[in-house]
Amino acid sequence: MTTISNMKYIFLFVLSILFFNLEAQAATITTRQTGNWSDKSTWNGGIVPTASDDVVIGKDFKVTINKNNCKAKSLELSGTLINSDNCQLEISSDFIIINSGYINYGSGNAERTIIVHGDMNIVKCSFRTGNRASLEIGGDINITNITWQGNGTSFYNFKFTGNHQQNINLKNASLNVYNLTINNTSCNYGDNSQGVHI
């Protein structure tokens, strides 16, 4: 009986250590300076974000997506996010853009992709989308105040990838799309939408 009791305590102790380690691995990573996503020097603590990290790009910083496998758990953007040729950022939860955040997809013909598995919430943002800008959304998209800059004024590929009804809510904004894909779901345009142009 004592052996079984001791084994229970040992099991609970090991389980608590594993849980603590999993919690410790997730972090909020903030920008230290302007630079590439994959460079340690870009981030406070010298840690490149992974799929388990919440990421904050501050107002005074520009971060370039410079590889095809850049990842984050969530992203809050009030600075500038630049997407390079044939590069991709995948966000496993939500993407929030605030305080005049700016996304620049560049002007080339190569594919540039941002994948958001959760919701995308934009409050005052500027986009420059170029020729091959792709955005994939697994949740809802909520936009208040959006400005299109330069030659790129639309998303080349816009995909709704959720397996449930997804909502588009626009206020003082229009969403310009060249190719629209809706997978396994329906899209609901909110009452305050000013227009989704395809």
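What you are looking at is a predicted structure, and each value in this text was computed from that prediction instead of being measured.

1. What to know about the overall build of the protein chain
- Across its full length, the protein chain carries one helix and 19 strands.
- Taken over 198 residues, the protein chain has a buried fraction of 40%.
- If you take every contact in the protein chain between residues at least 6 apart in sequence, the share linking residues at least 24 apart comes to 37%.

2. A closer look at the packing of aromatic side chains
- In total, this model carries three aromatic pairs according to the counting rule given.
- Considering the side-chain rings of Y156 and Y178, the 5.2 Å spacing of their centres and the 15 degrees angle between planes classify their relative orientation as stacked. Here the residue Y156 occupies a position in strand β15 (residues 155-160), and Y178 occupies one in strand β17 (residues 175-182), the gap between them amounting to 22 residues.
- On the accessibility criterion, Y178 (54% relative accessible area) is exposed.
- Ring geometry for F158 against F160: centres 5.1 Å apart, planes inclined by 55 degrees, an arrangement best described as tilted.

3. With respect to unusual backbone geometry
- Phi is positive for N86, which is not a glycine, with a value near 55 degrees.
- Inspection of the secondary structure assignment puts N86 in the loop between β7 (80-83) and β8 (87-91).
- Classification of N86 by relative accessible area gives exposed; the value is 52%.
- Backbone geometry places K124, a non-glycine residue, at a positive phi of 65 degrees.
- Within the secondary structure, K124 sits in strand β12 (residues 120-128).

4. A word on the pattern of salt bridges
- Across all of its chains, the model carries three salt bridges by this definition.
- Note that K71 and E90 form a salt bridge whose closest N and O atoms lie 3.0 Å from each other. You can see K71 sitting in strand β5 (residues 70-72) and its partner E90 sitting in strand β8, a full 19 residues away along the chain.
- The class of K71 is partly exposed, set by a relative accessible area of 31%.
- Linking K159 and E136 is a salt bridge whose minimum nitrogen-to-oxygen distance equals 4.0 Å. On the criterion of sequence distance, the pair formed by K159 in strand β15 and E136 in strand β13 (residues 133-137) is long-range, its members being 23 residues apart.

5. Quick notes on the nonpolar core
- One finds W37, L81, F95 and I114 to be the most contacted residues of the largest nonpolar core, which totals 40 residues.
- In contact with L81, not counting residues within four places along its chain, are W37, I57, V63, I65, L75, L89, F95, Y102, I103, N104 and I114.

6. Topic: the environment of I96
- Tracing the sequence through the fold places I96 in strand β9 (residues 95-97).
- Judged by relative accessible area, which is 32%, I96 ranks as partly exposed.
- In the structure, I96 is positioned 20 residues away from E76 in sequence and 4.7 Å away in space, judged by C-alpha atoms.
- Residues contacting I96, with those up to four places away along its chain left out, are L75, E76, L77 and N121.

7. Observations concerning the confidence of the model for the protein chain
- Taken residue by residue, the protein chain gives an average pLDDT of 81. The fraction at 70 or more is 77%.
- By mean pLDDT, helix α1 (residues 2-25) is the weakest element of the protein chain at 51, and strand β2 (residues 35-36) is the strongest at 97.
- Predicted confidence is poor over residues 18-24, with pLDDT under 50, and the contacts of this stretch with residues over four places away or in other chains come to zero contacts.

8. What about the pairing of β7?
- Relative to β7, strand β4 (residues 62-65) runs parallel, the two sharing four bridges. For V63, the partnering residue across the bridge sits in β7 and is L81.
- Sheet analysis places β7 next to strand β10 (residues 101-104), joined by three bridges and oriented parallel. Considered in β10, the bridge of I82 is made with N104.

9. Notes on the side chain of N83
- Mapping N83 onto the fold places it in strand β7.
- Here the side chain of N83 touches T113 through a polar contact of 3.4 Å, landing on its backbone oxygen.
- Excluding anything up to four places from it in sequence, N83 contacts I65, Q88, N104, Y105, G106, R112, T113 and I114.

Thresholds, definitions, all that
Every chain is numbered on its own, with residues counted from 1 as its sequence reads. Side-chain atom pairs in this predicted model are given and counted only at pLDDT of 80 or more, local residue features only at pLDDT of at least 70, and totals for whole chains, interfaces and linings cover all residues. Working from all heavy atoms in the structure, the side-chain values ignore hydrogens and water. To qualify as a helix, a DSSP run of H or I must reach at least 4 residues; to qualify as a strand, a run of E must reach at least 2; elements of each kind are numbered from the N terminus. The buried label goes to any residue with under 20% of its type's maximum accessible area, the exposed label to any with over 50%, and the partly exposed label to all in between, with areas taken from a 1.4 Å probe on protein chains only. In what follows, a contact means two residues having at least one pair of non-hydrogen atoms within 4.5 Å. Only the six-membered ring of Trp is used, alongside the rings of Phe and Tyr, when aromatic pairs are assigned; centres must lie within 6.5 Å, and planes under 30 degrees apart are stacked while those over 60 apart are edge-to-face, with the rest tilted. Salt bridges are counted wherever a side-chain nitrogen of Lys or Arg sits within 4 Å of a carboxyl oxygen of Asp or Glu. By nonpolar core we mean a set of buried residues, namely Ala, Val, Leu, Ile, Met, Phe, Trp, Tyr and Cys, connected to one another through side-chain atoms within 4.5 Å. Per residue, pLDDT captures the predictor's confidence, and it can take any value from 0 to 100. Strand pairing is assigned whenever DSSP identifies at least 2 bridges connecting the two strands. For the purposes of these results, a polar contact is taken to be a pair of N or O atoms within 3.5 Å, where, inside protein, one atom must be able to donate a hydrogen and its partner to accept one; residues adjacent in sequence count only when each atom of the pair is a side-chain atom.

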